[in-house]
Amino acid sequence: MKYIVLYLVLVVSLFLPFFVPAAEKAAMPMPLPELVLEVPENPRHKEYLGLTGKTGTDFSIRDIDADILVIELFSMYCPYCQKEAPAVNELFAKMREISKNGPVVKIIGLGVANSQFEVDHFRDTYEIAFPLFADEDKTMFRALAGEGTPTFIGCRLKDGERPVIVLRQNGGFASSATFLHELIDKGGPQ
Amino acid sequence: MRQKIFLAVIGIFLDLAVVVGNGLAANDTLHDSIYNPGHLKPVDSSLNVAVGEPAPDFSLPSVAGREVTLSQYRGKKKVVLSFVPAAWTPVCSDQWPGYNISRKYFEEHNAILLGITVDNIPTLHAWVRQMGSLWFDVLSDFWPHGRVADAYGVLRSDGTAERALFFIDTEGVIRDIVVSDINVRPPLEEVVAKLAAMP
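A brief structural summary. (Residues numbered from 1 in each chain as written. Chains lettered and ligands numbered in written order. Predicted model: local features only at pLDDT ≥ 70, side-chain atom pairs only at ≥ 80, totals over all residues. Heavy atoms only, no water.)

## Observations concerning helix α6 (residues 188–197) of chain B
The test is simple: Accessibility here uses a 1.4 Å probe with only protein chains present; expressed as a share of the type maximum, an area under 20% marks a residue as buried, one over 50% as exposed, and anything in between as partly exposed. Strands are runs of DSSP state E lasting at least 2 residues, helices are runs of H or I lasting at least 4, and numbering of each runs from the N terminus. Directions from the helix axis toward the C-beta atoms define the arc.
Looking at α6(B), one finds that the buried residues are B:L188, B:V191, B:V192, B:K194 and B:L195. The arc that holds the buried residues of α6(B), viewed along the axis, is 165 degrees, so those residues lie on one side.

## Some thoughts on the sheet that holds strand β4 (residues 111–117) of chain B
Sheet strands pair via backbone hydrogen bonds, and the direction of the pair is either parallel or antiparallel. All names here are of chain B. Selection criterion: Each pair of strands is called paired provided DSSP finds at least two bridges between the two strands. Orientation is described by lines fitted to C-alpha atoms, with helices fitted over the stretch in contact, and by angles between N-to-C directions that extend from 0 to 180 degrees. Note on definitions: a residue-residue contact is assigned when non-hydrogen atoms from the two residues lie within 4.5 Å.
Within the open sheet, the five strands sit side by side as β5-β4-β3-β6-β7. Their pairing is mixed. Of all strands in the sheet, those with a lone pairing partner are β5 (137–140) and β7 (174–180), marking the two edges. Across the sheet, the mean angle separating the axes of adjacent strands is 20 degrees when strand polarity is ignored. Pairing between strand β3 (residues 78–83) and strand β6 (residues 163–168): five bridges, direction antiparallel. Bridging from a neighbouring strand, L81 pairs with F166 of β6. With respect to the sheet, α6 is in contact with β3, β4, β6 and β7, its orientation differing from that of β6 by roughly 20 degrees.

## Looking at unusual backbone geometry
A:P150 follows A:T149 through a cis peptide bond whose omega is -5 degrees. On the secondary structure map, A:P150 appears in the loop between α5 (139–143) and β7 (151–156). Residue B:W143 is joined to B:P144 through a cis peptide bond whose omega torsion reads -10 degrees. Mapped onto the secondary structure, B:P144 falls in the loop between β5 and α5 (147–152). A positive phi angle is found at A:A113, which is not glycine, with a value near 60 degrees. Mapped onto the secondary structure, A:A113 falls in the loop between β5 (105–112) and α4 (116–126). Unlike most non-glycine residues, A:K138 shows phi in positive territory, near 65 degrees. Along the chain, A:K138 falls in the loop between β6 (132–135) and α5.

Structure (structure tokens):
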């Protein structure tokens, strides 16, 4: 009997760490806060986001023409974001491919505590083709309850209801294909 | 028999614990290792040098294992000295990774960058490794403690350095000085503008 109890204690303590993240994930989906950005100057970015407003005018992140949106919180200064940049470019390419016949999946980046110059430098250094915006005063980072960079926040935009966050990945993802699959699984029509 | 099974389970448990532990270590991030000292007094020293004056010469050991002397660049390169307060602290731990992808701006203006802290070499070695490989020299002003930082007037009363940049021309003359609020990273565009403004 004594050994059975000890077995149980060992088994439970070994697997406890795996139960905690599962509990955290159960909190999803949660409402996507209202975030306002400026219509970008780059016409390709404007078209990608499905925006028609004048450059420099405000738009809501909820108006982005996508079924599923990923918001990447990054910083030009963050070595992990730098390391992750090629994988994020790969994710973007896969998103474009899958959006041709499946749900429309898009991505934007928010440069946390970065100036526009720093965001542009990050974009140029890693040849990032999707739109990046500066979140210099960290307003959006705070609204999204950001904890660090990089963070990837998956949102379901078009389900007839209020846009919701369905996925939060703190740190880099191991595989862009797996991450995209999980994103579509959680962000697609329910 | 029961005892043997119990010992076997203990063995498996310990093996798994090592595997899980190693996995966590591999996923450990720079951010997880950072000590946050909280909000600090923005500036806690007085400059001992001024724009237009010769930059005090120094020789300091680098993490790469060589001795770097400021005057070795005279007549060859402009030099930017980047003092940061301490290893393993916020802001400092991303300021240099930012400069690490900004090499082109320094090269465009025939400048090199020297990073300096008052930490010792083993500490800097671990910190720099965690940041990734840096293209510029990282120098230790550990002993005599903060002597170079003090010569420039950026040694704080707690023995750390200010977050400061000194822009030195090819003649060894200080052309610009930026002593930032220690809690705030100077924007990259400011560094680039001051590089461009150096004669």
